[in-house]
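Structure assessment
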Amino acid sequence: MCGVVGYTGKNQAVKFLLDGLQTLEYRGYDSAGVEVVSPSGNLHGVKCAGRVHTLAERCQAANLVGTCGIGHTRWATHGAPTDRNAHPHTDCSGRIAIVHNGIIENYLELKRYLMERGHEFKSDTDSEVIAHLIEEAWNGAARGNLVEAVRVATERLEGSWALACICADVPGQLVVTRKGSPLVVASTTDGAYAASDVMPLASVTSHVIQLNDYDIALLTPDGAVKVYDHDDEEVHHPDTIDIDWDASAATLGGYADFMAKEISEQPEAIERLLKDRLGQHGIELDELKMGNKDLAQIDRIFVIACGTSYHVGLIAKIIIQTWAKIPVFCEYASEFNYEDEVLVTPHTLCVIITQSGETADTLTAARRMKGMGCKVFAITNVLGSSAARESDGTMDIQAGPEVCVASTKAYTAQMVAAVLLALRLAQANGSMDQQEVERHYRDLQQIPDLIREVLKRSWQDQQAAKLFRNAHSALFLGRGVNSTTAYEGALKLKEISYLHAEAYPAGEMKHGPIALLEPGFPVVAIVPADHVHDKTLSNIEECIARGAQVIAVATDGDESVAKLCQHVLWVPPVPDELLVPIVAVVHLQILARYVARARGCDVDKPRNLAKSVTVE
Ligand code: G6P
């Protein structure tokens, strides 16, 4: 959701700005723009609805020249995705420009105030008020001091922001600040850089500076970055992180799209995560920052997440309850935040699951739980993210950059992280002895090879995808842990193919969705060899009796399924039925991708979706 970039230095700014915006495309956006301070000392910008490549063509035609500039990809919240509403936004004089990620909640009140003072607005966005507030401050006491003007302006804002500002009167100065939305900066010999996340910076440095909420940073062309905190004190040693993602990790590397690449990277991602987890005393999860005594006392767990990560939470709930015998509540963050009663105990643990580490609802929930005295543990793919920084302990799932908006490798790696957490809890509270823990760990170690085997069978998904050619809708069914696999399969299909899909616990089908079934209706049924196999098989019979085309996801050698269903996505035997979702879902990821491609969809950048949902 909205990407911010900025550069000031020796080089032409537009190159980094456009490359940076392209790297941030994965966050989701509908328009883009850049603005630079030109050699003549004026601001010069280009912005448009549509993709970064269109913006790049227009920049070339406009011959945008300048060594200090800002850029933005916009995911519309206030105002339609039009050229006019695209960022950057300028003040009345056209000498101050800003880009903004976040939401200014009091913008209507501010806009009214500014209009009364004669300011003219050119867009319908909430963000534009910021440019005019900076102009007010600049024309007042802060004249000549852009940091001060930004400080004065942001003091009036309510909501969230990652903000970058340039001013033609102080060419070369780039001022950035944040509250609630992500922003990182970097200092190099070629200049200073700012971006919404580390990905655009991976090609220029391996060392980035993290800003805290309300920090304001002044970036200058010599590459210097000065950070001032909330009290206007200079921060001499700001937090830094080393980027261990090399820039090539975010390139296609011969794959047709990032989704294909990321699906295929799952075995290695899980192997990385599992490496060196079994020590002398069982599972090692030092990231929890809790010892055996504290872990053994945990008597309730809230798992809170959104989207695909929420599906991981549903699986975590079943596995933790089964193995560690601790009651688990799994909540959508966006719902949890508005529930009046949260029944915590003195030993409640909160686990947030968020691949981006920046999902606004999830962060709000984590803060709420912290406020109630709970320890918060984050499972995330971005170590320097807000989730990681604000939690008491963080598990970095190490899946590497995930560019495709629809999550695949982060999903399976998060599931493995949740399984490790369940084992660690079971070990600490004595629900499992060490031998059992080790046995489960060995089972888990087989998962990467089982996924490799599924990847080899992608032709099965390719065949099955043809059954969706004339479909308007699809139903996904599963039981137990695999009802979650059904939810995730349906979500993947919806996200990238725009085909309506609904998922149900198979036993619930009779209470509604069965009415949808008619000849040819596609039903994907997850029916592995587990303790509810025969029950699910009966549901498949019910679908077939009504003419539905059932695509089963079943375990190798299952003759009952082979006899019943023409289309089967075969999964090799998984040593523990609770681990089946990590393997079975890979078929559903591949299936969704084939369906989406057949429908001519851009699988990596589905319309309207954002990878990092930084507003509530
Ligand atoms: C967006 C993304 C999903 C993701 C969800 C939660 O909707 O498109 O892929 O599952 O946000 O994101 P998180 O970063 O918190 O896991």
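Please refer to the structure placed before this passage.
Below, the structure is looked at part by part. All values derive from a computational prediction rather than experimental measurement.

A closer look at the pattern of salt bridges
All told, the structure shown has 30 salt bridges when counted by the stated rule. Between Arg27 and Asp197 there is a salt bridge, with its nearest N and O atoms 3.0 Å apart. Here Arg27 is found in the loop between α1 (13-23) and β2 (31-37), whereas its partner Asp197 is found in the loop between β10 (191-195) and β11 (207-210), with 170 residues between them in sequence. A single burial state applies to Arg27 and to Asp197, both of which are buried. For Arg452, the salt bridge is made with Glu268, and the minimal N-O distance between the two is 3.1 Å. Within this pair, whereas Arg452 is found in helix α15 (residues 447-456), its partner Glu268 is found in helix α7 (residues 266-274), the two being separated by 184 residues in sequence. Judged by relative accessible area, which is 25%, Arg452 ranks as partly exposed. Looking at Glu268, the relative accessible area reads 35%, which means it is partly exposed. Residues participating in the shared-partner salt-bridge network are Glu268, Glu271, Asp449 and Arg452.

Some points on the packing of aromatic side chains
Scanning the entire structure with this criterion turns up seven aromatic pairs. With centroids separated by 6.4 Å and ring planes inclined at 75 degrees, the aromatic side chains of Trp161 and Tyr214 adopt a geometry described as edge-to-face. Remark: Tyr214 occurs in the loop between β11 and β12 (216-219) and Trp161 occurs in strand β7 (residues 161-167); sequence separation between them is 53 residues. Geometrically, the ring pair formed by Tyr310 and Tyr332 is stacked, given 3.7 Å between the ring centres and 20 degrees between the ring planes. One end of the pair, Tyr310, is in helix α9 (residues 307-324); the other, Tyr332, is in strand β19 (residues 328-332), with 22 residues separating them in the sequence. Overall, Tyr332 belongs to the partly exposed group, its relative accessible area being 39%. Among the aromatic residues, those joined into a ring-pair cluster are Tyr7, Phe16 and Tyr193. Sitting over the ring of Tyr29, Arg51 keeps its end group 5.0 Å from the ring centre. Lying over the aromatic face of Tyr113, Arg156 brings its terminal NZ or CZ to 4.3 Å of the ring centre.

What counts as what
Residues numbered from 1 in each chain as written. Predicted model: local features only at pLDDT ≥ 70, side-chain atom pairs only at ≥ 80, totals over all residues. Heavy atoms only, no water. Salt bridge = Lys/Arg side-chain N within 4 Å of Asp/Glu carboxyl O. Helix = DSSP H or I, 4+ residues; strand = E, 2+ residues; numbered from the N terminus. Buried < 20%, exposed > 50% of the residue type's maximum accessible area, 1.4 Å probe, protein only. Phe/Tyr/Trp six-rings, centres within 6.5 Å; stacked < 30°, edge-to-face > 60°. Lys NZ or Arg CZ within 6 Å of the ring centre and 35° of its normal.

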